[in-house]
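Residues per chain, in single letters:
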Amino acid sequence: MTGGAWTLRVLFSHWTRHPMQLATLLIGLMSATALLSGVQAINTQARLSYDRAAASFGGGATAMLVPAHATTVPQSLFSDLRRAGWLVSPVVEGRVRIDGRQIRLIGIEPISLPRGAGPAPSIDQAALQKFLAAEGQTLIAPETAREIAGTEGARLETDAGEPLPPLHLASELSPNLLVMDIAWAQRALRMPDRISRFLLDSAAAGERTPLADVAGDSLDLVDAGAQTDLQRLTASFHLNLTAFGLLSFLVGLFLVHSAIGLAFEQRLPMLRTLRACGVSPRGLLAALVVELVLLALVAGLGGVVSGFFLASALLPDVAASLRGLYGASVSGELGLAPQWWLAGLGMSIAGALLAAAHALVKVFRLPLLASAQPFAWQDAQRRWLRWQAVLACAAFVVAAVCLTLGTSLVAAFAVLGGILLGAALLLPPLLNLLLRAGEGMSRRPVAMWAWADSRQQLSGLSLALMALLLALAVNVGVGTMVGSFERTFNRWLDGRLSSEIYLVAKDPAQAAAIEADLRSRPDVDAVLPSARAETKLSGEQVEVLGLADHATYREFWPLLEFSPDVWDRVRDGTAILISEQLARRLNLHIGDRLRIPSSGEWIATVGGIYADYGNPKGQIIVNVDQLLHRFDNAERTRFGVRIAPAKVAALMAELQARFALGGTSLADQATVKAESRRIFSRTFAITAALNAFTLAVAGTALFTSLLTLGQARLPQLAPLWAIGLTRRRIAGLELLKTMLLALLTALLALPLGIIVAWCLIEVVNVKAFGWRLPLTIFPAQLGQLLIVAMIAALFATLLPTIKLARIKPITLLKIFADER
Amino acid sequence: MNVRWFTEIISKAAIVALLAMQTTLSHAQGFAGLGEDVDGFAQVMPGKPLRFPADHGAHPDYRIEWWYFTANLKDAEGTSYGVQWTLFRQANKPNDNASGWASRQLWMGHAAVTSAATHHFAERFARGGVGQAGVEAAPFKAWIDNWQMRTLFADPSVFASLQVSASAKDFSYSLRLDGDRQLVLQGDAGYSKKSEQGHASYYYSQPYLRVTGSLVLDRKTIAVTGQGWIDREWSSQPLKADQTGWDWFSLHLASGDKLMLFRLRHADGKHFFAGNWISRDGRSEQLAPGAISMTPTATTRIADRDVPTGWRISIPSRGLEITTAPLNPRSWMDTRFKYWEGPVHVTGSHAGEGYLEMTGY
Amino acid sequence: MLTVSRLNKSYRIPSGALSVLRDVNLQVARGESLALTGESGSGKSTLLHLIAGLDDPDAGTILLDDAQISSLSENERARVRRDRLGLVFQQFNLIPSLKVADNLAFQARIADRFDAAWQRELADRLGLSDLLDRYPEQLSGGQQQRVAIGRALANRPQLVLADEPTGNLDEATADEVVQLMTDLVKASGCSLLMVTHSMRLASLLDRRTHLTGGRIA
């Protein structure tokens, strides 16, 4: 062992004598790393799936030509483009329903497909031949095949009655996707001679005619690497996750910082001795950094492993909510690249170094001759509190600037971050003021001592308290947001789902039969046809929903703003309704005129804006007859049925029997509502889970801070014992003081939490999802959280206190001896 | 999922084999499909008169077909170049007239420019039925993507006054072909035998083409002139299962005579020879197999194969005793289906130039 | 070997500058042991710290053989301490988390000069052989100081600087410890500069010099 290694050994010997401190440090780093890397794993996995799904056959790596105004372009453009030197490959894309399940279907033309554009499945040669053969082939991921009970070679049919080529399982394919030759796909999707987009092989290009000369303005060139729809839609979801992951990381670092700070404080004499014995400042610093990095590596390894398990546990929920919210298929199995593990370790090391930066600078500047006694804590604390307050103000200013000037979601999170950070920094000065006030009011000596001592304790506990404040505030904030959301959503759902039964017919013929049957029944109050189509507004894919002109909608539809006679004008086709998020994104207002790309020319006015919570896509509502008239491939197959609630079951049974409707093609209101609620409750499931973890980490921080502080505080307590207070009494006082600090912190966390909720609802959600909710405060929920926080604090305080109550008198005596 | 798919899909198909067979495949299956049954495709029969302009167009009732143009060119300084433009058609189903994606026709285009030092080439693939590639008889037009060969005037009998162009990443060309001579029927009045067992194709040529135009190589435009040759051929089963490849010459002799000859190599070493001597006056006479002698004199190692790039050819009955040397011995078409194709220079009893194509190595 | 000339040092205090050392000259020859005595606050510890390179003088030079201590960088001074000096403090300054054996060997180890035989001899002569597996907190004050002396001598320094090494020990133990130290210093052929306020302990050394009001008397 060389000199350097020996220095390291000396440093490490501290941990073997203080295993609890080591545990605190490692747990802090581990949980910080675990939470952040867990979230990153989820995000990475999801993005990987998007890339595979959206970017297979174009997107990510391949440049594309996409329709500029409509959803498709005529197929003749394909040969026009090729003959003009544009090496494009056509793709037709859409969704089909198989056994009631929506599945994405892509038709490709493998002969012109640019190299690297596909998901590169290593399908054997025989299968490749079959793909192009007359019989064709439907490529499908094995898990999706299992879900729709399809086996190799099975010939499926869409619910609309179009046959598909035999299935071929391809494990490389993303889930919920069918891939087949374009000839088959156009048939299955009923899009003859239409192309959804062109993939562009820029690698082999020679001379080519300008795009406008070939295709006019009907196509837009999208460069390789451009964001896909799915990435854009889900960006906010992942940013959300990342933000909470970072928050947990931060809370974990608080823990690490306090552990490292304490360890350095305790090791100051040792460090001085090392220096006196001839270890150079540079050598000492290097040894400390190496020590830290080694610890961080160990903790980081534990962290990424836990992160992996955390992510595995959360992934199914995330995958479910991504599917429910965005229709994004995310594989439920984690496949992690080595970079992820390295990034986790890097995070741990960077976090440890960040948390230790202050201590390391202190060591580098360590004066060799220690003044024997720590200088007046009062003075130091005052300076520190002032500094914290200044930093807090700076954080608030950043938040205010982002709030007024920022437009992006990142800015919204910056507002949130600024408020949280500012509040955390402001906590110690605030507590100090409160304690000073308490001290001023008390008359009895022990009480005065207790108040004053709490103030002195503040510097040691402040980091743990700050972590507690953050965790609690975010919990309050998220809880309030979720509560507000649920309340609003339920009310909205009642307005939106007003028909008692919803059904989808196989085809227009069956639809006509069902409609005739329903209309002939005296017990049916109304049959409300609806239809769906897709179009594009300002380049954005938009759903078109066609509704019947009926009192059901006129009375209940959740309109946020509307012009007079809006429903009459919708019926006439001169007005449309648009969803809140679309209005926000395209900056549309009541009275604005819109050109709606459809089969013909259609210009209508915005007549109303309605809430469409949870829908990532923009949506417009038109009259159903207008829709069927103006969109060629729209079909009249969907109906809402109004009927007395008592007769719902009977009618459904009858419909099921007579028309063989089942699965998702027939549902009653309650089922649809329950399904919607289930999907939406998942929107915030991950946020809630991360919150719980964060609170747990904050509790651990408090616990370990107290435990380590207990030892350091004995000199302050020993005199009390000497002047005649029993150990029990001292312990009781300690417990009381800590609980007081925790209570004050928790009380301060409540208003902060409301501010966080406001920020989430008014700033983050609006930017992330495009809709705004009314903020509702739930006092019972707040009270509950307060109690949970106090119980957590009590548990965190109890063990150190019991230890104190049972401390041996000799230990206290020894303090006097050592103090001399 | 990329072009490799196509490769693998059609590697079983005739078109592949006709162009450039991978030896293993060829050995296993004859010409990788060309030796297969006719499967309901139209058969090539002797004595059937060719009709123009109809026969300039595609013959979907036959399995395979090509439009082949080569040219020996020189720039103002006398530097030599060779140009190739080829369009291949293959049907996976007889009498396929389906339009749209349901069409079972596959198209493949090859283009190349050869100089003494460089050999640029490119390939294109297309499905029939959607207009990406195709051939119209009158007015004549053959195309795949933005590569095309089309007539400038509507005189079907001449099959000249054509515009030929192709462009790829690293080269392009645009050439005008002029001529006033009649088409030349190869073999016996257009019936070209490929084996003693009756494998054959319909085959005619236009070897009297004056070529002017420009090449673009390395972003430099080069004005060129020279002479060109068009071959047209279609069949359903032109080759025998044990024929492994061929060596094919089309030569412009300084005397004004033209010479087409080929050797179909057999696995057992007994090769099948054929050729036509086209006199200055345009008379095309079939050469007897025994009258032709073709001997490799030099080989070039390319892509792990030994390719005979130098030849001695003798046709004693015509007083012909020549050797050929390639302009660029590395005129290797490293396309999906690999073969050698490039300009050659002729010396000996006759001077001249032309093109050599060798497959199956 | 050690030559201190015209050394001055003052500290800033609220009422102005407090002059601690004034034109101090001092010499210690090779193998010599010198006791530096003086009242509390006479500046004797400050002088020792300056010689050890733990603090900077205002003026004057400290020459340890050829090394001018006060003009060296922090890292160079650390190397001088590591390789050429042995320090013994009043508070022992042992490393609480290392066993006695490791505390003894520590400075020699970081100087890469560990000599097992010498280590054994030191432990033996300091009476620590049976205590090597203990932690400092399990030792008496005298034992702890003996460990500190051993640590200072383990790398065979040129000069041992001892700052009130017996300040925390009773008289009997103090005499024993100082006797041990001077014996060992003699045996290893190095010099010793010991700061003490006890004339009795000072008498155990080769030579004595007295510091009053920051000046050598």
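K.L.:
Help me understand the overall build of chain C, please; the structure alone is not making it clear to me.
P.N.:
When its secondary structure is counted, chain C shows seven helices and 10 strands. Within chain C, the proportion of its 217 residues that are buried is 55%. At a minimum sequence separation of 6, the contacts of chain C that also span at least 24 residues come to 73%. In the form shown here, chain C has an accessible surface area of approximately 8900 Å², with 45% of it arising from carbon and sulfur atoms.

K.L.:
Just checking my understanding: could you explain the overall build of chain B for this structure?
P.N.:
Helix and strand content of chain B: three helices and 23 strands. Split into buried and exposed, the 361 residues of chain B put 61% on the buried side. Taking contacts inside chain B between residues at least 6 apart in sequence as the whole, the part at least 24 apart equals 58%. Total accessible area on chain B is roughly 12700 Å²; 50% of this is exposed by carbon and sulfur atoms.

K.L.:
Is there a simple way to think about helix α19 (residues 648-659) of chain A in this case?
P.N.:
An α-helix turns once per 3.6 residues; consequently, residues spaced three or four apart project the same way. Residue and element names in this part refer to chain A. With 12 residues, α19 ought to run about 16 Å at 1.5 Å a step, and its terminal C-alpha atoms sit 16 Å apart, in line with that. Those residues of α19 lying buried are Val648, Leu651, Met652, Leu655 and Phe659. For α19, the buried positions fall inside an angular range of 100° around the axis, keeping them on one side. Turned more than 90 degrees away from the buried face of α19, the exposed residues are Ala649 and Ala657. Looking at the residues trailing α19, positive phi occurs at Ala660, about 55°.

K.L.:
I tried to follow the packing of aromatic side chains on my own but got confused; where do I start?
P.N.:
Two numbers describe a pair of aromatic rings. These are the distance of the centres and the angle of the planes. Under the defined criterion, the tally for this structure stands at 19 aromatic pairs over all chains. Relative to Trp101 of chain B, the ring of Phe78 of chain A lies with its centre 5.6 Å away and its plane at 45°, an arrangement referred to as tilted. Highlighted residues: Phe78 of chain A in helix α3 (residues 76-83) and Trp101 of chain B in the loop between β2 (80-91) and β3 (105-115), drawn from two different chains. Classification of Trp101 of chain B by relative accessible area gives buried; the value is 3%. An aromatic cluster of at least three residues, connected via ring pairs, comprises Phe52, Tyr62, Tyr202, Tyr204 and Trp234 of chain B. Above the plane of the ring of Trp86 of chain A lies Arg208 of chain A, whose end atom (NZ or CZ) is 4.0 Å from the centre.

K.L.:
For this particular structure, what's the right way to read the environment of Lys506 of chain A?
P.N.:
Residue and element names in this part refer to chain A. With respect to the helices and strands, Lys506 occurs in the loop between β11 (501-504) and α14 (508-519). Distance in space between the C-alpha atoms of Lys506 and Ser665 is 8.4 Å, their sequence separation being 159 residues. Setting aside residues no more than four positions away along its own chain, Lys506 makes contact with Asp159 and Ala160.

K.L.:
What am I meant to see in the sheet that holds strand β3 (residues 33-38) of chain C here?
P.N.:
Think of a sheet as strands paired side by side through backbone hydrogen bonds, with each pair either parallel or antiparallel. Residues and elements named next belong to chain C. In spatial order, the strands read β6-β7-β8-β3-β9-β10; together these six strands make up an open sheet with mixed pairing. Of all the strands in the sheet, just β6 (85-88) and β10 (215-216) have a single pairing partner and so form its edges. Helix α1 (residues 44-51) contacts β3, β6, β7 (159-163), β8 (191-196) and β9 (207-212) of the sheet and is inclined by roughly 145° relative to β7. Contacts from helix α6 (residues 171-188) reach β3, β7 and β8 within the one sheet, and its direction differs from that of β8 by about 160°.

K.L.:
When you look at the nonpolar core in this model, what are you seeing that I'm missing?
P.N.:
One broad rule of soluble globular proteins: the nonpolar side chains tend to lie buried together. Core analysis: the biggest nonpolar cluster contains 97 residues, and Leu416, Leu420, Leu465, Leu472, Tyr613 and Leu702 of chain A have the highest contact counts within it. Top element by residues in this core is helix α13 (residues 445-496) of chain A. It accounts for 22 residues. There are two domains that each give this core at least three residues, and those are domain 1 (1-57 + 239-368) and domain 3 (381-494 + 684-820) of chain A. Core analysis: the next-biggest nonpolar cluster, separate from the first, contains 44 residues, Trp6, Leu8 and Ala287 of chain A together with Ile110 of chain C among them.

K.L.:
I would appreciate a short explanation of a nonpolar patch on the surface in the present structure.
P.N.:
Taken together, the side chains of Leu403, Trp758, Leu775 and Ile777 of chain A present a nonpolar region at the surface, about 320 Å² in accessible area. Residue Leu403 of chain A is classed as partly exposed on the basis of its relative accessible area, which comes to 36%.

K.L.:
It is not clear to me how the interface of chain C and chain A should be interpreted in this structure. Could you clarify?
P.N.:
One widely used convention gives an interface's size as the accessible area the parts lose upon coming together. Taken together, the 25 residues of chain C in the interface contact 23 residues of chain A. Taking both partners together, chain C and chain A bury about 2200 Å²; carbon and sulfur atoms supply 60% of that area. At the surface where chain C touches chain A, the tally comes to three salt bridges. Notably, a salt bridge pairs Glu137 of chain C with Arg17 of chain A, separated by 3.1 Å at the nearest N-O pair. Where chain C packs against chain A, one counts nine residue pairs in polar contact (both at pLDDT 80 or more).

K.L.:
Please explain the pattern of salt bridges as it appears in this structure.
P.N.:
Here the idea is simple: oppositely charged side chains can pair when their charged atoms come close. Under the criterion given, the structure shown has 53 salt bridges over all chains. Arg267 of chain A is the salt-bridge partner of Glu291 of chain A, the closest N and O atoms lying 2.8 Å from each other. Taken together, the positions of Glu291 of chain A in helix α9 (residues 281-326) and Arg267 of chain A in helix α8 (residues 229-276) put the pair 24 residues apart, joining distant regions of the chain. By the burial criterion, Glu291 of chain A is buried, and Arg267 of chain A matches it. Between Asp247 of chain B and Arg265 of chain B there is a salt bridge, with the nearest N and O atoms lying 3.0 Å from each other. Residue Asp247 of chain B is located in strand β14 (residues 243-253), and its partner Arg265 of chain B is located in strand β15 (residues 258-266); the two are separated by 18 residues in the primary sequence.

K.L.:
I'm lost on the packing of helix α12 (residues 409-441) of chain A against α13 of chain A in this one. Help?
P.N.:
Helices that pack against each other are described as a pair by the angle of their axes relative to one another and the distance between those axes. All names here are of chain A. Relative orientation of the contacting elements α12 and α13 amounts to 155°, with a least axis distance of 9 Å. If you check the angle between α12 and α13, you find them roughly antiparallel. As for the relative orientation of α12 and α13, their crossing is right-handed in sense. Partitioning the contact of α12 with α13 into residue classes produces 18 nonpolar, four polar and three charged.

K.L.:
Looking at this model, I keep getting lost on the sheet that holds strand β2 (residues 16-28) of chain C. Mind explaining?
P.N.:
Residues and elements named next belong to chain C. Taken together, the four strands give an open sheet; going across it, the order is β2-β1-β4-β5, and neighbouring strands pair in antiparallel fashion. At either margin of the open sheet sits one strand with a lone partner, and together these are β2 and β5 (67-68). In this structure, strand β1 (residues 2-13) lies alongside β2, joined through nine bridges in antiparallel fashion. The residue of β2 that forms the bridge with Val4 is Leu26.

K.L.:
Help me out: how do you make sense of the confidence of the model for chain C in this one?
P.N.:
In low-pLDDT regions, the fine details of the predicted coordinates are not to be read closely. Averaged over all residues, the pLDDT of chain C equals 88, while 100% of them reach at least 70. Mean pLDDT across the elements of chain C ranges from a minimum in β10 of chain C, with 84, to a maximum in β8 of chain C, with 92.

K.L.:
Would you take a moment to explain the pairing of β3 of chain C for this structure?
P.N.:
If a strand is regular, its side chains alternate between the two faces of the sheet. Residues and elements named next belong to chain C. In terms of burial, β3 is largely enclosed, as six of its six residues are buried. With burial as the criterion, each face of β3 is covered, one bearing Ser33, Ala35 and Thr37 and the other bearing Leu34, Leu36 and Gly38. Where β3 and β8 come together, five bridges link them in parallel fashion. Note that in β8 the partner of Thr37 across the bridge is Thr196. In the sheet, β3 pairs with β9 via five bridges, with the strands oriented parallel. Following the sheet pairing, Thr37 is matched in β9 by His210.

The rules behind each value
- Residues numbered from 1 in each chain as written.
- Chains lettered and ligands numbered in written order.
- Predicted model: local features only at pLDDT ≥ 70, side-chain atom pairs only at ≥ 80, totals over all residues.
- Heavy atoms only, no water.
- Helix = DSSP H or I, 4+ residues; strand = E, 2+ residues; numbered from the N terminus.
- Buried < 20%, exposed > 50% of the residue type's maximum accessible area, 1.4 Å probe, protein only.
- Contact = heavy atoms within 4.5 Å.
- Areas by Shrake-Rupley, 256 points an atom, 1.4 Å probe, with all protein chains shown as cover.
- Expected span 1.5 Å × (residues − 1).
- Arc of directions from axis to C-beta.
- Phe/Tyr/Trp six-rings, centres within 6.5 Å; stacked < 30°, edge-to-face > 60°.
- Lys NZ or Arg CZ within 6 Å of the ring centre and 35° of its normal.
- Pairing = 2+ DSSP bridges.
- Axes fitted to C-alpha atoms, helices over the stretch in contact; angles between N-to-C directions.
- Core = buried A, V, L, I, M, F, W, Y, C linked by side-chain atoms within 4.5 Å.
- Domains from an automatic or database assignment.
- Patch = residues over 30% accessible without salt bridge, like charges linked within 9 Å, V, L, I, M, F, W, Y side chains within 5 Å.
- Salt bridge = Lys/Arg side-chain N within 4 Å of Asp/Glu carboxyl O.
- Buried area = accessible area lost by both parts, 1.4 Å probe.
- Polar contact = N/O pair within 3.5 Å; in protein donor to acceptor, adjacent residues only side chain to side chain.
- Parallel < 35°, antiparallel > 145°, perpendicular 65-115°, else oblique.
- Left-handed = near helix turned anticlockwise from the far one by under 90°.
- Nonpolar A, V, L, I, M, F, W, Y, C, P; charged D, E, K, R; others polar.
- pLDDT = per-residue confidence, 0-100.

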